[in-house]
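So the chains spell out like this:
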Amino acid sequence: MLFNSFEFILLFLPITFFVYFYLTKKKLISASRVWLLLTSLFFYSWWNVAYLPIILCSMVFNYLVGTQLGDVDKNGLNKKLLLSFGVLSNIALLAYYKYADFLIDNLNYVAGLQVQSLDLLLPLAISFFTFQQIAYLVDSYRLKTRQHDFLGYAVFVSFFPQLIAGPIVHHSEMMPQFSDQKNNFVNHRNILLGIYIFTIGLFKKVVVADNFAIWANHGFDAAQSLTFVEAWVTSLSYTFQLYYDFSGYTDMAIGLALLFNIKLPQNFNSPYQSLSIQDFWRRWHMTLSRFLKDYVYIPLGGNRNGGLRTYGNLIATFLLGGLWHGAGWMFVIWGLLHGVSLALHRIWNSLGFRLYKWAAWIVTFNFINVTWVFFRAENMSDANKVLSSMFLIDGPITFSGLSTFGNIDTMQFYLIIILVLGTIFSIPLRNSNQLLIKFEPTTPKITMIVAGLLAALLGLSQESTFLYFNF
Amino acid sequence: MTSLSDKTAIRLILYSFVLVYICIYLVVISVDPYQLRQQGSADWAKYKYSRLYSRFQFEDLKYDDYSLIFGSSRSQKISSRLQSDNYLNFHNLYSEPGDIKNFITQLSVNQLQNIDVIYFELDIAAFREEVMKPINYNNNMVTDIVSFSLPLTFDHILSVARELYYNLLDASYYKISRDGSLLMSNDGAPTFIAENPTRRIFKANSYSRFAINDIAVINNFCIENSINIIFYTPTYSDKAIREMNWDVIHSALADLVNRGVKFKNNYFIEGISDIQTDSMYPHFSDASHLNTLAANQVFKNYVVNDDGLLIDNIDKLEISINSLKIR
C-alpha cells in the first residue's frame, strides 16, 4: 500500500487512527499497541504477503539478541561475540536477498563460471529495517537501550509511517515516545501539524516529483541519443524528481507519525542549498548519514588516526553507503565519487582555500547533479552518454528542441514552468520542516492545505511508487 | 492574522475539503452522467469511448428489436437515422472483444430474441491486449454511475470543463446520438477531406491473441443461440492500404478463419478506396476513416447487402490479402 493511494488515505489511515485512539481512550493500551502492530504488518503485507515471515523472523531474532546484549550481567567477551553474531546475521540476511545475484554475476564474469542466478525478489524495506535493527543491537551492547517487551519492540520496528523507507530511527528516540502516557490521547496540535506536513509531502510527490519523472524517465530511456539541452533537462529532472520524491515521502511519514503523537527525526534540510559536499551530507537523507557516521565511520576510526586514514575511512563509508542503495556497480561508483569528493573537500579545507558562496553553491550543486546521473543510469555507457552530451564532449550545442522526448514535446512549456518552480522551491525557500516549526493555523494557510490536498488527490489518477522503495 | 484553534482548524480543513470535493463531483456528474469523458484525457476523441454507455443500450434491448454494431472508430458513424433502421452502435466497447463477449453473454433470453443481426467489425490493428474490469449489466445503474466517476481526476475535470464549453457555445462538431453512434454537426458532408490524410494509420505491427480467441467465442455463442452474426473488415484508402502490415493482419484473420469465422473483406472497395481529388480522398476523413456518408453507404451496400467479398476459407484469404499487398 502506498501513502499516495486512495485505499491508504481513505480507508487504511482513518480506520487505523480511529480504532487506535478508541482503544487508548478506553485505556486498552496493550490492545492499541497490538492494533498498531497488526495494521503495520497488514500495511507491509499489502505488497506481498510472502515478505511477512522475513520481517517477523528478523524482529524476533533481533529482539532476543538485543535483550541478551542489554543484560548488564553478561561478561564483556560473550557480549562482543553475541553482538558480532547478531550484526553478521543481519548483514547475511541483507546480503542473501540483496547482493547474492550481484556477487554471482560478478563471479561468473571474473572467473568465467556459469553459476545460476538465484533470481530472488528483494523483500520490501529490508535495507531499512535491517539497518534500524543493527543500530538497535549496537545500542543495546552499549547499554543505550532500556529493556522493553516484544510488543513494544515490534511496534518500534514495524511502525508503518517509517517502515518502508525510513527515516531510519533509533530505539532510544522512539521507545520513550511509545511509552509516554501523554501520547495516548488525541493531540489536536499534532493532528493539525500532521495533516499539514502530510499534505506538503503528498503534493511534492504527486504534483511535482511525478511530473519530473516523465522527463527523467524519457531522457534516461533514450540516453544514447540525447542532445545537449535534452541531457541537461534529463539530469536536472532526475535531480529534482529524486529530491521531491524522497523528501515528499519523508514529509508524509513524519505527518502520519504525528497523527499518532510520534515525532520522527528530520531527514532533509534543503540539501540543494548546500555549499559543500560535506554540507550536503548533513542535509540529505540525514538519518542514513547519522547511521553511517555512528555505526561505520566512527567504528572504522573516524578522523582519529591522521589524514590518510581519515580519507580512507570516508571513502570506505561512502562505498558502503552506495552499495546500500542497490546491488550494482553504478551505485558503487556513485558512492566512490561522494567518498572521494568528501576526502578532497577535507584536503581543500585543510589548505585554507575558500570559495565565494555563489561559486561554492554552483560547484556543489553541479557535482551532485552529475553524480545522480551515475545513480540513475542503467549502465556506464548510458551515464557516459548523458554526461558527454551535458558537457559537449560529443560535439557542439545543437538546437533541435526536445525531439527525443517524442510525443510529450508539446509540453515543453510546462517543463520549463516545472523546472523553474522546482528550482525556486528547493533552493532558496524554506523547507517543509522549517514551515512546520513556524506553522500557525490562519485562514490562508488552511485554504492552502485544502487546495494542496485537493490538487494532490485529484492528481492521483495513477499510483506511482517511491524511488527509495527500491533500495 | 488571527490564528484559529487547532481543533477548529482541523474541522475547517476536513469540512471544506469534503464540501469542495462533493461540489466538484456534483458538477462532474451533472455535466457528464454517463462518464463519457471519464477515461482520462481532455482530447475530444476519447469521449466517444465510454463503456458505461453500453448500460443504456443493454436496457434498450429489453424493449425493442435492434441490430447491433460492434466496432471501432471506423464503425462509429453508422447510425439508425442514416440506415433507416433500428441500430445500436457499440463503438463505446471499442476494440475490446472481451467486453463484447461480456455484454452478449449477460443478455437475457428476451434480449437475445430482440437481436435482428449482429455486425462485428474486425479492426485487427485496434484490438488491445489489456483486459478491463468487466461491467456487470445487472448491477444497479445508479450505483455504477456514482462509482464510475470516483475517484475524480484532473483529466476528467478538464474534460468536463471542455464539455461545458462545447455545450454552452455549441462549438463541437461531435455529438453522440441515442443509439450510440457518433453524429457530426455537419452530418454527411465530407468536410474533412482536407484533413491530413496520413493521420490515424494503425499499421498493425502485432495482434491480440486474446481478442481473436474472444471473437471465436462470440461467434460460437451466436451460432448456439441462432443469432445471425456478420463479420466485416474496415475500409481503408489506398494510402493506408499501402502502409498496413498485411502479414500480421493475414495471420490474425487466418487464425479466425481456422476457428470458423467467416467475414466480408472490405479493406479495398473500388470507387471508394482509390478515388483521389487533388491528392485527397473525398470519401475519407483521414486515411483510414471513412466520412459519415461513405461509412453509411459502404455499410449498407457491402455489409448489410451482399456486395462484400466473403472470405470463408484460407485460400480465399490468401488471394485477397495478396491482392492488397501489391496495391
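Placed above this text is the structure.
Summary of the structure given here. (Residues numbered from 1 in each chain as written. Chains lettered and ligands numbered in written order. Predicted model: local features only at pLDDT ≥ 70, side-chain atom pairs only at ≥ 80, totals over all residues. Heavy atoms only, no water.)

## As for the overall build of chain A
Helix and strand counts for chain A come out as 19 helices and zero strands. A total of 471 residues make up chain A; the buried ones form 55% of that total. Relative to all contacts within chain A whose residues are 6 or more apart in sequence, the contacts with residues 24 or more apart total 77%. A total accessible area of about 20700 Å² is found for chain A, and carbon and sulfur atoms account for 66% of it. (Helix = DSSP H or I, 4+ residues; strand = E, 2+ residues; numbered from the N terminus. Buried < 20%, exposed > 50% of the residue type's maximum accessible area, 1.4 Å probe, protein only. Contact = heavy atoms within 4.5 Å. Areas by Shrake-Rupley, 256 points an atom, 1.4 Å probe, with all protein chains shown as cover.)

## Some points on the pairing of strand β6 (residues 228–232) of chain B
Residues and elements named next belong to chain B. Most of β6 sits inside the fold, with four of its five residues counted as buried. Note: strand β3 (residues 115–121) against β6, five bridges, orientation parallel. By the bridge assignment for β6, V117 is matched with N228. Across two bridges, the pairing between β6 and strand β7 (residues 263–265) is parallel. (Pairing = 2+ DSSP bridges.)

## Notes on the environment of K357 of chain A
All names here are of chain A. Relative to the helices and strands, K357 is located in helix α15 (residues 357–376). Using a relative accessible area of 63% as the deciding quantity, one classes K357 as exposed. Distance in space between the C-alpha atoms of K357 and F21 is 49 Å, their sequence separation being 336 residues.

## Observations concerning the interface of chain A and chain B
How big an interface is tends to be expressed through the accessible area that disappears when the partners come together. Opposite the 20 residues of chain A that make contact, chain B presents 19 residues. Carbon and sulfur atoms supply 83% of the area that chain A and chain B bury against each other, a total of about 1900 Å² over both sides. It is H188, L454 and L458 of chain A in chain A that bury the most area against chain B; as a group they hold 31% of the surface buried on that side. Counting every contact that joins chain A to chain B gives one salt bridge. (Buried area = accessible area lost by both parts, 1.4 Å probe. Salt bridge = Lys/Arg side-chain N within 4 Å of Asp/Glu carboxyl O.)

## Some words on unusual backbone geometry
All names here are of chain A. Despite not being glycine, N261 has its phi angle at roughly 65°, a positive value. Along the chain, N261 falls in the loop between α10 (228–259) and α11 (277–283). For H285, which is not a glycine, the phi torsion comes out positive at approximately 40°. Of note, H285 is situated in the loop between α11 and α12 (286–297). H285 gets classed as buried once you look at its relative accessible area, which sits at 1%.

## Describing the nonpolar core
Buried together is how nonpolar side chains tend to be arranged in soluble globular proteins. Grouped together as the largest cluster of nonpolar side chains are 142 residues, with contacts concentrated most on F8, F260, Y272 and W372 of chain A. The element that contributes the greatest number of residues to this core is α10 of chain A, accounting for 16 residues. Beyond its immediate stretch of four places on either side in the chain, F8 of chain A contacts M1, L2, F3, L13, P14, F43, F160, F198 and L256 of chain A. Of all hydrophobic cores here, the second largest spans 51 residues; its members include L122, A211, F221 and C222 of chain B. (Core = buried A, V, L, I, M, F, W, Y, C linked by side-chain atoms within 4.5 Å.)

## Things to note about helix α3 (residues 52–69) of chain A
For α3 of chain A, which comprises 18 residues, the first-to-last C-alpha distance of 26 Å matches the rise-based estimate of 26 Å (1.5 Å per residue) to within 8%. Residues of α3 of chain A that are buried include every one of L52, I54, I55, S58, M59, N62, Y63, V65, G66 and L69 of chain A, and no others. (Expected span 1.5 Å × (residues − 1).)

## Notes on α12 of chain A
Looking at α12 of chain A, one finds that the buried residues are T287, L288, S289, F291, L292, Y295, V296 and Y297 of chain A. Those residues of α12 of chain A hidden inside the fold are in contact with α5 (126–141), α11, α13 (307–325) and α14 (329–350) of chain A.

## What to know about the layout of surface pockets
Of the voids in this model, the second largest pocket is the one considered here, and its volume is about 1000 Å³. The wall of the second largest pocket is formed by 31 residues, among which I9, P14, F18 and I195 of chain A together with L14 of chain B lie closest to the centre. Residue assignment for the lining of the second largest pocket shows that the elements contributing at least two residues are α1 (6–25), α9 (188–221) and α19 (443–458) of chain A together with α1 (6–31) of chain B. If one sorts the elements of the lining of the second largest pocket by residue count, α1 of chain B sits on top with 10 residues. (1 Å grid on protein atoms, 1.4 Å probe; cavity = no way out; pocket = protein on both sides within 12 Å on 5 of 7 lines; lining within 4 Å. Points joined across faces, edges and corners; volume = space filled by probe spheres on them.)

## Notes on the pattern of salt bridges
All names here are of chain A. Scanning the entire structure with this criterion turns up 15 salt bridges over all chains. With its nearest N and O atoms 3.9 Å apart, the salt bridge here joins K182 to D180. Judged by its relative accessible area of 28%, D180 falls in the partly exposed class. Across the pair K204 and D251 runs a salt bridge, and its minimum N-O distance is 2.8 Å. In this pair, K204 is assigned in helix α9 and D251 in helix α10, connecting sequence segments 47 residues apart. Exposure remark for D251: the relative accessible area of 5% places this residue in the buried category. Beyond isolated ion pairs, a larger network of salt bridges with shared partners links K205, D210 and D245.

## Remarks on the packing of aromatic side chains
All names here are of chain A. Taken as a whole, this structure holds 79 aromatic pairs over all chains when the rule is applied. When the centroid spacing of 5.1 Å and the interplanar angle of 90° are considered together, the rings of F268 and W284 count as edge-to-face. With F268 in the loop between α10 and α11 and W284 in the loop between α11 and α12, the pair connects residues that are 16 residues apart, well separated along the chain. Among the residues examined, F268 registers a relative accessible area of 8% and is labelled buried. Classification of W284 as buried rests on a relative accessible area of 0%. Aromatic side chains F280 and W372 sit 6.5 Å apart centroid to centroid with 70° between the ring planes, which places their arrangement in the edge-to-face category. Of this pair, F280 sits in helix α11 while W372 is found in helix α15, placing the two residues 92 residues apart along the sequence. Note on W372: relative accessible area 1%, which makes it buried. (Phe/Tyr/Trp six-rings, centres within 6.5 Å; stacked < 30°, edge-to-face > 60°.)

## Notes on empty space enclosed by the protein
All names here are of chain B. Enumeration over the complete set of coordinates arrives at seven cavities of 30 Å³ or more. In this structure, the largest cavity encloses a volume near 120 Å³. Taken together, 16 residues make up the lining of the largest cavity; nearest its centre are R74, Y232, P234, T235 and L290. Going through the elements one at a time, β9 (289–290) and α11 (292–304) are the ones with two or more residues in the lining of the largest cavity. Counting residues per element, the lining of the largest cavity draws most heavily on α11, which supplies four residues.

## Some points on the packing of α5 of chain A against α12 of chain A
All names here are of chain A. Interaxial distance between α5 and α12 falls to 11 Å at its minimum, and their mutual angle equals 40°. Of the possible angle classes, the one that applies to α5 and α12 is oblique. Between α5 and α12 lies a crossing of left-handed hand. Contacts between α5 and α12 involve F131, I134, A135, V138 and D139 on the former and, on the latter, L288, F291 and Y295. Of the residues contributing to the contact of α5 with α12, the split by class is seven nonpolar, no polar and one charged. (Axes fitted to C-alpha atoms, helices over the stretch in contact; angles between N-to-C directions. Parallel < 35°, antiparallel > 145°, perpendicular 65-115°, else oblique. Left-handed = near helix turned anticlockwise from the far one by under 90°. Nonpolar A, V, L, I, M, F, W, Y, C, P; charged D, E, K, R; others polar.)

## Some points on the side chain of N219 of chain B
All names here are of chain B. Looking at where N219 falls in the secondary structure, it is placed in helix α8 (residues 209–224). By relative accessible area, which is 6% here, N219 ends up buried. Non-local contacts of N219, meaning those with residues more than four positions away in its chain, are made with I229, F231, R259, G260 and V261.

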